Amino acid sequence: MEDEIDLKTAPADFRFPTTNQTRHCFTRYIEFHRCTTAKGEDSVDCERFAKYYRALCPGEWVDKWNEQRETGTFPGPL
Amino acid sequence: MIVLKWLFLTISPCDAAEPWQLGSQDAATPIMQGIIDLHHDIFFFLILILVFVLWILVRALWHFHYKENAIPQRIVHGTTIEILRTIFPSLISMFIAIPSFALLYSMDEVVVDPAITIKAIGHQWYWTYEYSDYNSSDEQSLTFDSYMIPEEDLELGQSRLLEVDNRVVIPAKTHLRIIVTSADVPHSWAVPSSGVKCDAVPGRLNQISILVQREGVYYGQCSEICGTNHAFTPIVVEAVPRKDYGSRVSNQLIPQTGEA
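This report concerns the structure included in the present document. All of these numbers come straight from a predicted model, not from anything done at the bench.

**Here's the deal with the pairing of strand β4 (residues 168-171) of chain B**
All names here are of chain B.
Here comes step 1: Burial along β4 is two-sided: Val168 and Ile170 and Val169 and Pro171, pointing in opposite directions, are all buried.
Here comes step 2: Where β4 and strand β10 (residues 234-240) come together, 4 bridges link them in parallel fashion. Each residue of the ladder has a partner; that of Ile170, found in β10, is Ala239.

Set out below in structure tokens:
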């Protein structure tokens, strides 16, 4: 059976070379939202960042951050 | 029946804890193979030192027994021996340090970008695995819990305290990134045959890169005390051929998206 799924994920980021990738996930999330703010909500260019943060960040964290953004309490430089 | 069982043990690799096991489980990744090789290197020097020290000790006890040798020696200095007993241990330490540091730094080197990211999230007292590379939205496409199978539900041939209902399916011979974290208290995701032990700390994402070189089923257990059922939180990784990985994952995807 052929490879139906293309195996691709967030690449290794030289800004985060160590075991602790917490900042990597957070940075990708912020990059995505800055990208959508700059280029618009449905921009295709921003999909890349979306894939990265979804690969790295646990679903619970993403849900919590989305809620925080909606209530305006997100503690990051969006 | 017993004879057949022994035959099976001789031809199947040790990827789970065995009763009365003395050595490591068989390596499934280059890292584990490196650890085993380092262990052999160090063990050589260990035996050298052990035999030497035991020989000196036994010899001293034998020849300087108070009945055989009533007058104790009063030697306090010996420049030659002092130089030798400083130089030789330093050399031995160096011979041990070289392969050790080589392995340590090679473990951290990310040679190739990983093909897949799998998140292992520790809970009290089970693991949740998220495969989010294929998410088209923030909705989780593939996430499942992995509970230990209780003893009364085990089938013949299954291992006690090691089997789970949903295994982590990974493609063999593929570079993986595994992100380990916890949703409550610290846990630790450990799979000995892959040479992996990574703490699952709440609020932190720890990354490990592995390349599982052969297909098989690999067992591990939670390695950080996390409450009453800490001993009952196993991990099972199933490495399948790369071409079968797609169908295995999509089979698990379908029931999930049905509920989402």
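**Regarding the sheet that holds β10(B)**
Sheet strands pair via backbone hydrogen bonds, and the direction of the pair is either parallel or antiparallel.
Residues and elements named next belong to chain B.
Here comes step 1: The 3 strands lie next to each other as β4-β10-β9, forming an open sheet whose pairing is mixed. Both edges of this open sheet fall to β4 and β9 (216-221), since each of them pairs with a single strand only. On average, adjacent strands in this sheet sit at an angle of 25° to one another, irrespective of strand direction.
Here comes step 2: Direction of pairing for β9 relative to β10: antiparallel, over a ladder of 6 bridges. Following the sheet pairing, Gly216 is matched in β10 by Ala239.

**Regarding the sheet that holds strand β1 (residues 116-123) of chain B**
Residue and element names in this part refer to chain B.
Here comes step 1: Strand order in the open sheet made by the 5 strands is β3-β2-β1-β5-β8, with mixed pairing throughout. Two strands in the sheet have a free side with no partner beyond their single neighbour: β3 (142-146) and β8 (206-211). Going across the sheet, the axis of each strand differs from the next one's by a mean of 25°, ignoring polarity.
Here comes step 2: Bridging between strand β5 (residues 175-182) and β8 involves 6 bridges; their strand directions are antiparallel. The partner of Ile179 across the bridge, within β8, is Gln207.

**Here we look at the pattern of salt bridges**
Here comes step 1: Applying the stated criterion across every chain yields a total of 14 salt bridges over all chains.
Here comes step 2: Taking the shortest distance from any N to any O, the salt bridge between Lys119(B) and Glu130(B) comes out at 3.2 Å. Residue Lys119(B) is located in strand β1, and its partner Glu130(B) is located in strand β2 (residues 126-131); the two are separated by 11 residues in the primary sequence.
Here comes step 3: For Lys119(B), a relative accessible area of 0% corresponds to the buried category.
Here comes step 4: A salt bridge links Arg167(B) to Glu238(B); the shortest N-O distance between them is 3.2 Å. Of this pair, Arg167(B) sits in the loop between β3 and β4 while Glu238(B) is found in strand β10, placing the two residues 71 residues apart along the sequence.
Here comes step 5: A residue is classified by how much of its surface remains accessible, and Arg167(B), at 24% relative accessible area, is partly exposed.
Here comes step 6: The class for Glu238(B) is buried, based on a relative accessible area of 14%.
Here comes step 7: Three or more residues are tied together by salt bridges with common partners; here these are Asp13(A), Arg15(A), Arg28(A) and Glu31(A).

**A short note on the state of the cysteines**
Residue and element names in this part refer to chain A.
Here comes step 1: Per the counting criterion, the structure on display carries 2 disulfides over all chains.
Here comes step 2: The partner cysteine of Cys25 in its disulfide is Cys57, sulfur to sulfur 2.1 Å. Its S-S torsion of approximately 125° makes the covalent link between Cys25 and Cys57 right-handed. Taken together, the positions of Cys25 in helix α1 (residues 22-39) and Cys57 in the loop between α2 (47-56) and α3 (59-71) put the pair 32 residues apart, joining distant regions of the chain.
Here comes step 3: When its relative accessible area of 0% is taken as the criterion, Cys25 is described as buried.
Here comes step 4: Residue classification places Cys57 among the buried positions, given a relative accessible area of 1%.
Here comes step 5: Covalently, Cys35 is tied to Cys46 through a disulfide, its sulfur atoms 2.0 Å apart.

Cut-offs applied
- Residues numbered from 1 in each chain as written.
- Chains lettered and ligands numbered in written order.
- Predicted model: local features only at pLDDT ≥ 70, side-chain atom pairs only at ≥ 80, totals over all residues.
- Heavy atoms only, no water.
- Buried < 20%, exposed > 50% of the residue type's maximum accessible area, 1.4 Å probe, protein only.
- Helix = DSSP H or I, 4+ residues; strand = E, 2+ residues; numbered from the N terminus.
- Pairing = 2+ DSSP bridges.
- Axes fitted to C-alpha atoms, helices over the stretch in contact; angles between N-to-C directions.
- Salt bridge = Lys/Arg side-chain N within 4 Å of Asp/Glu carboxyl O.
- Disulfide = S-S within 2.5 Å.

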